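Each chain, letter by letter, is given below.
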Amino acid sequence: MQRICTAAEVRFYFSSFLDGGNKNFLKPNKNCNLSAYVSGCEPGWACSVGKNKKVDLKNSKDVPFRSLACQPCCEGFFCPHGITCMIPCPLGSYCPLATLNKTSGVCDPYHYQLPQGQANHTCGGADMWADIMSRREVFCSAGSYCPTTIKKVPCSRGHYCRTGSTTQTNCFHLATCEEKTENQNITAYGILIFVGLVLLMLIVYNCSDQVMSTREKKREQSREAAARSAKETVQAREHWKSAKDVAKKGAIGLQSSLSRTFSKKKSMKSQEFKGTGQAKPGTDAALASMPASHQAKGSDLTKMIHEIDEDPNNHDGFHVEIGDKHMKKAPKGKDLHTRSSIFRYAYGQIEKEKALQEQNMNLSFSGLISLASDNDDRKRPTIEVDFKDLTLTLKGTNRQIMRCVTGKIMPGRVSAVMGPSGAGKTTFLSALAGKATGCTRTGQILINGKPDSIHSYKKIIGFVPQDDIVHGNLTVEENLWFSARCRLPADLPKMEKVLVVERVIESLGLQSVRDSMVGTVELRGISGGQRKRVNVGLEMVMEPSLLILDEPTSGLDSSSSQLLLRALRREAMEGVNICMVLHQPSYTLFQMFDDLILLAKGGLTAYHGSVKKVEEYFAGIGVVVPERINPPDHFIDFLEGVVKPSAGSNIHFKELPLRWMLHNGYSVPPDMLNTAGAQAAGEDSAHGSSLSAATTEGHSFVGDLVKDLKVQMELKKDYILHNFLRSTDLSNRTTPSVFEQYRYFIGRLGKQRMREVRTQAVDFLILLLAGICLGTLAKVSDETFGATGYTYTVIAVSLLSGISALRSFSLDKLHYWRESAAGISSLAYFMAKDAVDLPNTILKPLVYLSMFYFFNNPRSSFFDNYIVCVCLVYCVNGIAYAFAIYLQPGTAQLCSVLVPVVLTLIANQTDPGDFLKRLQDICYTKWALEAFVVANVEKFVAVIYV
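Thresholds applied
- Residues numbered from 1 in each chain as written.
- Predicted model: local features only at pLDDT ≥ 70, side-chain atom pairs only at ≥ 80, totals over all residues.
- Heavy atoms only, no water.
- Helix = DSSP H or I, 4+ residues; strand = E, 2+ residues; numbered from the N terminus.
- Buried < 20%, exposed > 50% of the residue type's maximum accessible area, 1.4 Å probe, protein only.
- Pairing = 2+ DSSP bridges.
- Axes fitted to C-alpha atoms, helices over the stretch in contact; angles between N-to-C directions.
- Contact = heavy atoms within 4.5 Å.
- Core = buried A, V, L, I, M, F, W, Y, C linked by side-chain atoms within 4.5 Å.
- Phe/Tyr/Trp six-rings, centres within 6.5 Å; stacked < 30°, edge-to-face > 60°.
- 1 Å grid on protein atoms, 1.4 Å probe; cavity = no way out; pocket = protein on both sides within 12 Å on 5 of 7 lines; lining within 4 Å.
- Points joined across faces, edges and corners; volume = space filled by probe spheres on them.
- Nonpolar A, V, L, I, M, F, W, Y, C, P; charged D, E, K, R; others polar.
- Disulfide = S-S within 2.5 Å.

**Student:** Got a sec to walk through unusual backbone geometry? Specific residues and values, please.
**Tutor:** Here the bond from Asp108 into Pro109 is cis, since omega is 5 degrees, no more than 30 degrees from zero. Locating Pro109 in the fold gives a position in the loop between β6 (106-108) and β7 (144-148). Notably, Lys180 is not glycine yet its phi reads approximately 55 degrees, a positive angle. Look at Lys180 and you get exposed, because its relative accessible area is 57%. Positive phi is not limited to glycine here, since Glu543 has a value of about 50 degrees. Considering the arrangement of structural elements, one finds Glu543 in the loop between α12 (528-540) and β16 (546-549).

Quick look at the structure:
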C-alpha cells in the first residue's frame, strides 16, 4: 500500500500524458528530477514512502516522497518512466511481470530496457497503460479473456472474445465460433435478412399497383352508382312529368264528358232538379251523383289535378333516390360526409343542367345565361382588363417586342389572339398576366378601371401555359381534385367542390379517362389531346374570373377543339373573361369566338374587335378573302407577307397596324406617320433596332462583358421580384390555410410515392448490395475501431441517399412554379416533401445496416450505428434538396457525387493546415466518422471499465 499512487500522482501522470508530452518520460516532479533520480524512476519500478508511514490514497493535492525500498513493479500494476509509484491496471488489460529478452535486452511483453550499469536491476510490471494504438500489448489480446489483470484464459468453442474482454461472450445460434475466436461470424443472419428483404421488395414491386387500383375501383363503383342513379332519376322525373300531363289531359276530358252528361239530364229532368241547388259540373258535389265507379275515378283525378295545380313540382309518391327538391337542396347531416350522397348530389345537378340545356336547343347562349345564373348561386367577381399603348422593350438590347397595343378584354366574352410567328402573341398574354420578365413595360394596364397590379388578383386568375405541366403519376381526376381543393374558397362545402370537378370533367369530355394515369416519359398514359384538356381543366376547376390560355387547341383535332371551346364558352356565360392564343383555327371554331386580337410582326395591332366584323373591316381597306379560303388563315398569311394584295389594291402588309391606329383615332408614333416609316418600324421591330446595333459595334470586349453582366443582373432581379414579391390581395377569396394545403400535399405526395414504390425498391436493393460489399470487404479491427469501413459507409450512404433525394425537387420544378404562381403555399409544398421523404430517411439506414452490420459486426451496437446513419442521411438529404432547388438537374447530380467524396477526403487529412482544419470543422463527413468511431470507443471503454 505504501507503493500505490495517490490521487495527486495519478492526476499528475494523466495530465502530463494528455498534454502531449513525451510518453516515455514525464515532466520533472518531486521524486524524479535532475537532482533526485532514484531507481524507482525507471520504467517498471516503484518505491515506498516508508514502512511505518501512512499513505492517504485519496489525497489529490500533495505528492509524497517515494525513495525507499525501490523494487520491480508488481504484477497487475504499471509503473511509468518518471514516477515512483504503481497504478493499478484497469479491467480488460493483462499486466503480467515482464521477462528479460537477453537477445534484444527488452523486457517482454513490454518495450522498456533495463538501465545500463546496474546488474541487480530486473524487469518489473508494465511501464505504461495507454490507448490501444500506442501499447496494444497491455490489453487482453483478442481470442482470450482476462477475468483479472493477471490472468489470461483462451476463449472456448462457441464463444468469442474481443480485445480487452473480461468474459467470453456466447455466440448466436446460427453463428460459427471456433476456439480463440476474436469475433463471431453472423453472416448467416445477414443472408437471411437479405433474402427476406428481397422477397418483400419483390412482392411490393409486383403488387404495389394492386393496392391503389383496388381502392380506386371501390371509389369508381360508388361514383358510377351515383351517376347511374342520377340518370335514372332524371329519366323517371321526365316520365313522371309526361304522366302528369297525360293525367291532367285525361281528367279535363273526363270532366267535360261528365259536364255534357249532366247537361243532358238537366234538360230532360229540369223540374226534378229545380229548386234543389244544382252542383257545378266538374266539382266534387257534381261527382257525388255519379255512379260509384265513375265517382271514385273522377274523385282521384280531380284530387291529382288539384295537387298538380297547387304544387307542380310535388313528387309525393315518386320514390326515387333523387328528385327536384333534393337537387335544389344539398345533403344535410350525416349524408353530407358520405361519398355516395356527395356524388349523387353532383351528378343530380349535372343531369339537371343537361335536361335544361336540351330545352334550349337554339344554342344561341342567350337563354343559357339565365340557366347558368339559376344553377349557380355563387357569383364570380368580374375582371375587365384595359390596356393602352402597351409597349415591351427588352433590357440590354432595347428591342421592342410589343408596341402601342391598345384595347380591352371584357367579362363574359371569349377573345382570340392570333397572328403570324414572332408577332408576340405569347408575350402579349404574359404581359396581361404579369409574367413578362426581362422587359421594360410602358403604357397602362387597368383592372376594372383601376391601376392595380394583376398579381393582386392571382387567386381568381387562371393561366394555362403552352406546355402541358401536369403530374404524370397522378390520374386525371386526382390532378383536377388537388387543384380544386387548394384554390377554391376554403368555406366552399366539399360537395360543391366535387360538383365543380365533375362539371369540368363532363364539359371537357374526360369521363372515359378520369381514372387513367396522365403518363410520363417512362409511363404511357392518356393521349396528347386529353393531356392538353387536363392542362386547361386545372385552371377551370378553380372557377377563375379571368382565364388566359396559351395555345390550348394545339395538338387537338377539330372535334376536341370544339369541345374545349364549348366548355370555355360555358365559363364565359358565368361572367369569366377568357383570352387565348389561337393557331390556325377552322372556320367553325373561329366563328365561336366573340372578339379577335390580330397582331402583326413586331407586336403591333392589326385588328381588335368583334369576330363578326373582321371581314368587313379588312374588306374596307382592300384585303378581301377569296372564296373557299379560311378567313383567319388568309389574314395571317397576308400579315406574314406570303399572300399578295388582290388586284386593284396597293396596300402593303406593313401598313395594317398604321391603318388600324388611324381607323380608331389612336395616337401614332412619329416614325409610323408615313408608309416608309411604318415599314422601317416593322423591320426594326422584327430584326432589332439598327441604332442599337450601330452603337454596340464600337464597344470593346470588356465593355460588352460589363453590359451583359448588368443585363443578367437585371434579369435576375426581375425574376426574383416576379416570383417572391408579394402584392396586396384584392381577389376577396380566402383559399385554404397553409396547414390544410399541407394536408392536401401530403395526400398527393403519398399517392405519388406509392406509385413510385418500384423505384424505391430498386434504391433499397442497391443499398442492400452496398451493405453486403462494404461489410465484407472492410473488416473491423480494435486498433482502428472500423474507421476504414465507416469511411466507405459515409461515402456510399451519402451518394445513394443524395442521388435519390434529388428526385424530390428536380422532377417537380415546373409543377412547383406553376402552382406557386397560382397562389399555392410554398411552405406547405416544402414541408410536405420533407415529411413524405422522412420514411426513407428512417428506412434507408435500417436497410443498409441490416447488411453492413451483420457482415462487418462492429463492436458498437446496432442502435448506435443506426442513430448516426439516420443523422447522416437527413443531413445528406438537406444538401441534396439545396442542389436540386438551386441547380439544374445535371449539375445537381454532379455536385451530389463530388461533394461527399471531396469532403470525406478532407475529413481524413491527418495534418491539415489552418484552412483545411477550419473546413474540417464544418464537414458533415468528419462529424459522421467521429460519431461512428466514438460509438465503438465508448463500447470498448465501457467493457474495460465495467
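**Student:** Hey, could you go over the sheet that holds strand β17 (residues 577-581) for me, with residue numbers and the actual values?
**Tutor:** Taken together, the six strands give an open sheet; going across it, the order is β15-β16-β17-β13-β18-β19, and neighbouring strands pair in mixed fashion. Looking at which strands have only one partner, the edges of the open sheet turn out to be β15 (461-464) and β19 (604-610). If you compare each strand with its neighbour and ignore which way they point, the axes differ by 15 degrees on average. Across four bridges, strand β13 (residues 414-418) lies against β17 in parallel orientation. Directly across from Ser415, in β17, lies its bridge partner Cys579. Where α12 meets the sheet, it contacts β15 and β16, and its direction lies at approximately 170 degrees from that of β15.

**Student:** How would you sum up the nonpolar core? Please name residues and give values.
**Tutor:** Judged by nonpolar contacts, the single largest core of 68 residues is most densely connected at Leu568, Phe593, Leu596, Leu598, Phe618 and Leu656. Per-element tally for this core: the top contributor is helix α11 (residues 494-507), with seven residues. Leaving out residues up to four positions away in the same chain, Leu656 has contacts with Thr605, Ala606, Phe618, Ile621, Val623, Phe638, Leu639 and Ile651. Of all hydrophobic cores here, the second largest spans 32 residues; its members include Tyr848, Leu849, Cys869 and Val876.

**Student:** For the packing of aromatic side chains, give the residues involved together with the corresponding values.
**Tutor:** Taken as a whole, this structure holds 22 aromatic pairs when the rule is applied. Plain terms: the ring middles of Tyr607 and Phe618 are 6.1 Å apart, the flat faces sit at 45 degrees to each other, and that makes the pair tilted. Here Phe618 lies in helix α15 (residues 614-620) and Tyr607 lies in strand β19, a separation of eleven residues in the sequence. Summarising the burial analysis for this pair, Tyr607 and Phe618 share the class buried.

**Student:** Mind laying out empty space enclosed by the protein, listing which residues take part and the relevant values?
**Tutor:** This model, assessed by the stated rule, comprises eight cavities of 30 Å³ or more. The calculated volume of the largest cavity comes to roughly 150 Å³. Lining the largest cavity are 15 residues, with Phe482, Ser483, Leu538, Arg818 and Glu819 positioned closest to its centre. With four residues, the single largest contributor to the lining of the largest cavity is helix α10 (residues 476-487). Classifying every residue of the lining of the largest cavity by side-chain character gives six nonpolar, four polar and five charged. Size it by volume and the second largest cavity reaches roughly 100 Å³. As for the second largest cavity, its lining consists of Arg380, Val500, Arg503, Val504, Ser507, Met540, Glu543, Ala567, Arg570, Glu571 and Glu574.

**Student:** I'd like a rundown of the state of the cysteines, residues and numbers included.
**Tutor:** Applying the stated rule across the entire model yields nine disulfides. Covalent S-S linkage joins Cys107 and Cys123, the inter-sulfur distance amounting to 1.9 Å. Note on the Cys107 and Cys123 pair: the S-S dihedral is about -75 degrees, so by sign convention the disulfide is left-handed. Pair noted here: Cys107 is in strand β6 and Cys123 is in the loop between β6 and β7, with a separation of 16 residues, a long-range link. The residues Cys107 and Cys123 share a single accessibility class, namely buried. With a sulfur-sulfur separation of 2.3 Å, Cys155 is cross-linked through a disulfide to Cys161. Disulfide Cys155-Cys161: the torsion about the S-S bond is 80 degrees, which places it as right-handed. Cys161 shares its class with Cys155; the two are buried. Cys871 carries a free sulfur, and the closest cysteine sulfur to it, the one in Cys875, is 9.2 Å from it.

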